[in-house]
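So the chains spell out like this:
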Amino acid sequence: MTNVPTRSWADTPELVGRPKKAIPEGLWIRCPECAAILFRRSVENNLWVCPDCQYHFRINAVQRVKQLCDPGSFEPFNEDMKPADPLNFVDLKPYKDRIKAAQKSTGQNDGVHTGTGFIKGRKAVLAVMDFFFLGGSMGSVIGEKITQAIEVAADGDLPLVIVSASGGARMMESGFSLMQMAKTSAALARFDDMGGLFISVLTDPTTGGVTASFAMLGDVILAEPKALIGFAGPRVIQQTIRQELPEGFQRAEFLRDCGFVDRVVPRSDLRSEIGSIIDYAGK
Amino acid sequence: MANGYTGSYTLAFEQPVTDLEEQIKRLTARDDAESYSDELTSLRSSRDSLLAKLYTDLNPWDTVRVARHPARPQTSDYIAAMCRDFRELHGDRHFGDDPAIITGLGRIGPHKVMIVGHQKGKSTQEKIACHFGCAHPEGYRKALLKMKLAEKFNLPIVTFIDTPGAYPGIKAEERGQAEAIAVNLREMARIKTPIVSVVIGEGGSGGALGIGVADRVGMLEYSWYSVISPEGCAAILWKAANEETNRAAAEGLALTARDNMKNGLIDEVIKEPLGGAHRDAHGAAELLQRWVVERLRELKRFKPQTLVERRYQKFRTIGKIEGSPAN
């Protein structure tokens, strides 16, 4: 009898050996990829990309929105939506405490920002996930906010841009979390029926239930260089097959070569790429 | 034999029942068994009341074990028991046939339907071929292709869910496991023909939901359905999967039919025979068939647009946020 654990948010950070916390404070930071010691402000000015090796640091939703939207154009909605604890879930810690801790450390209510904004002058609906809030795991709040973002885009005939960063489903909401996959995908079916344009941007990491729902349903799917993208996490796969995983497996470039990502786009080009796709789709 | 599982696999909590059954077997085997008819009747009734008691108080972790019982009926068993003239359709038209998902045309009662179901495998050989019910992308794509075929000819769709999860492997990732499931979720949401789904054993995460976006979703009484297996959850949140943490995870995940029903995530719990489907496959198939036939009869009354709208609303309203009303 096999028991196959599915992807979950807690799977990724240690595994990839990348910082679990948001970018550390201090004047100098070390690049996790090439180990170069970098002047913090020079990295910040480079959109959080290492000037030496082009490593794309994980960034939070606030930073992402700032990078993508024309200055001051982002108008958030559903900012106050907060997670509940429908199952009174307690593992080594109560879920309620995990929520509080995440809210405190990120200053956010949950792991996604939604709103309207202008991207190089084109109005769009934007949903940006935040990996630093419980690994960007999708519970009811993320499912609901994404779904409402899709609906706002549908109502206003606006292009929809979702930037994913998630370890997958939020286990502490169990079935409620699972059904968000169906809910968001169903909303995208309607949006598709009415001719809506959906640009899905996959960033490091995008795995599990988020990949297996809205993230893979873009009309155009873009990914940041070397982003980890997959259904099952590398650790789970390794445990199942008991083999070394090939070099570059489940990275953005691998997904492109397998036919599941349209373009690997460096962060510096993301705004203009999104803008030009919107133009082509006549939205 | 009703209520009398004769296989060699015994669940720990069922040991007292197995002991009683052993006694019954020994008595019936005797040449003078007839003279013990009173004793036999009494033993059988003790066994039945013991079974009833055990299965009424079944905890979530034991429920998972029942759901994985090797003698528990699988999709192929239900098809054999419920369908006249089943015609399996193998082709996914893209890559190859995944035996972990069976699809085909069949009649259930008065209804001509398209059947889609996970298959775990019965023999060792079949289990390996089926990856123990863990489907690959081509399985999900075959399922969708056949569901679209059903839509074209206005046939209702019946899906049997029984998987620990979609297969996590190199080839599965290369061929787009996530994309295959995502597309199924989106497309099932807009298929213009009735869909009923039943979790017959294990409902493991996205791999289960990938054939489960239905107008009516039922769970057999001793099946489980959750975002992750208890072991997977324990390994991640408790940092170790063992008897104790698996049990705790199974409880926390609210994965039983009753809990999923209470949380509004499924529409119905379907009764199993006394002591679980593995004791009486035939009885389980009868109960399930009755449910499927009745639900299809109801769903066929809806216009396609109404059907799709109702299905949409059903999933649209799932989720609990702070301050939202209880389901």
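Just so we're clear, the structure is a prediction, and the values are computed from it rather than from any experiment.

Take the overall build of chain B next. Secondary structure assignment for chain B yields 14 helices and eight strands. Projected onto its principal axes, the C-alpha coordinates of chain B cover approximately 65 × 50 × 45 Å. Within the span of chain B, comprising 327 residues, buried residues form 59% of the whole. Expressed as a percentage of contacts within chain B between residues at least 6 apart in sequence, the contacts between residues at least 24 apart total 72%. Accessible surface, chain B: about 13,100 Å² in total, of which carbon and sulfur atoms supply 52%. With 45 positive and 43 negative side-chain charges, chain B shows a spacing of 8 Å between the two charge centroids.

A full pass over the atoms with the stated rule returns zero disulfides over all chains. C53 of chain A carries a free sulfur, and the closest cysteine sulfur to it, the one in C31 of chain A, is 3.6 Å from it.

All names here are of chain B. The element strand β2 (residues 101-108) is largely enclosed, with a buried count of six among its eight residues. Strand direction decides the pairing type here: strand β1 (residues 83-88) and β2, joined by four bridges, are antiparallel. The residue bridging R84 from the neighbouring strand is R107, located in β2. Note: β2 against strand β3 (residues 111-118), eight bridges, orientation antiparallel. Across the sheet, I108 pairs through a bridge with H111, a residue of β3.

The next point concerns the domain arrangement of chain B. All names here are of chain B. Taken as a whole, chain B is organised into domain 1 (12-57) and domain 2 (63-316). Placing the centre of domain 1 and that of domain 2 at their C-alpha centroids yields a distance of 34 Å. Each side of the interface is counted separately: domain 1 has nine residues, and domain 2 has eight residues. Here domain 1 meets domain 2 over a buried area of about 690 Å², counting both sides, of which 58% is carbon and sulfur. The largest per-residue losses of area from domain 1 upon contact with domain 2 belong to E14, L51 and Y55, which jointly make up 62% of the total buried on that side. Linking domain 1 to domain 2 there are two salt bridges.

Below, the discussion takes up the interface of chain A and chain B. Taken together, the contact between chain A and chain B spans 69 residues of the former and 55 residues of the latter. Between chain A and chain B lies a buried interface of about 5,400 Å² when both sides are counted; carbon and sulfur atoms form 70% of it. Together, F176, M179 and F231 of chain A form the three largest contributors to the area buried by chain A at its contact with chain B, with a combined 12%. For the interface between chain A and chain B, the tally reads 16 residue pairs in polar contact (both at pLDDT 80 or more). Those elements giving two or more residues to the side of chain A that touches chain B turn out to be α5 (140-156), α6 (174-193), α8 (234-241) and α9 (252-258) of chain A. Counting residues per element, the side of chain A that touches chain B draws most heavily on α6 of chain A, which supplies 18 residues.

This brings us to the side chain of S174 of chain A. Secondary-structure assignment places S174 of chain A in helix α6. Within polar-contact distance, the side chain of S174 of chain A engages the side chain of S226 of chain B at 3.3 Å. S174 of chain A has contacts with L87 of chain A together with S226, V227 and L253 of chain B, leaving out every residue within four places of it along the chain.

Before going further, it helps to spend a moment on the environment of E243 of chain B. All names here are of chain B. Within the element layout of this structure, E243 appears in helix α11 (residues 243-252). With 19 residues separating them along the chain, E243 and K262 place their C-alpha atoms 26 Å apart. Look past the residues within four positions of E243 in its chain and what remains in contact with it is W61 and R65. Side-chain polar atoms of E243 contact the side chain of W61, separated by 3.3 Å. There is a polar contact of 2.8 Å between the side chain of E243 and the side chain of R65.

With that settled, consider the packing of helix α1 (residues 15-29) of chain B against helix α2 (residues 37-56) of chain B. Residue and element names in this part refer to chain B. With their axes 10 Å apart at the nearest point, α1 and α2 run at an angle of 160° to one another. Looking at the two axes, α1 sits roughly antiparallel to α2. Considering how the two elements wind past one another, α1 and α2 form a crossing that is left-handed. On the side of α1, the interface is formed by P16, V17, L20, E21, Q23, I24, L27 and T28, while α2 contributes E39, L40, L43, R44, S46, R47, L50, L51 and L54. For the contact of α1 with α2, the class distribution of residues is 10 nonpolar, three polar and four charged.

What counts and how
- Residues numbered from 1 in each chain as written.
- Chains lettered and ligands numbered in written order.
- Predicted model: local features only at pLDDT ≥ 70, side-chain atom pairs only at ≥ 80, totals over all residues.
- Heavy atoms only, no water.
- Helix = DSSP H or I, 4+ residues; strand = E, 2+ residues; numbered from the N terminus.
- Buried < 20%, exposed > 50% of the residue type's maximum accessible area, 1.4 Å probe, protein only.
- Contact = heavy atoms within 4.5 Å.
- Areas by Shrake-Rupley, 256 points an atom, 1.4 Å probe, with all protein chains shown as cover.
- Lys, Arg positive; Asp, Glu negative; His and termini not counted.
- Charge placed at Lys NZ, Arg CZ, Asp CG, Glu CD.
- Disulfide = S-S within 2.5 Å.
- Pairing = 2+ DSSP bridges.
- Domains from an automatic or database assignment.
- Buried area = accessible area lost by both parts, 1.4 Å probe.
- Salt bridge = Lys/Arg side-chain N within 4 Å of Asp/Glu carboxyl O.
- Polar contact = N/O pair within 3.5 Å; in protein donor to acceptor, adjacent residues only side chain to side chain.
- Axes fitted to C-alpha atoms, helices over the stretch in contact; angles between N-to-C directions.
- Parallel < 35°, antiparallel > 145°, perpendicular 65-115°, else oblique.
- Left-handed = near helix turned anticlockwise from the far one by under 90°.
- Nonpolar A, V, L, I, M, F, W, Y, C, P; charged D, E, K, R; others polar.

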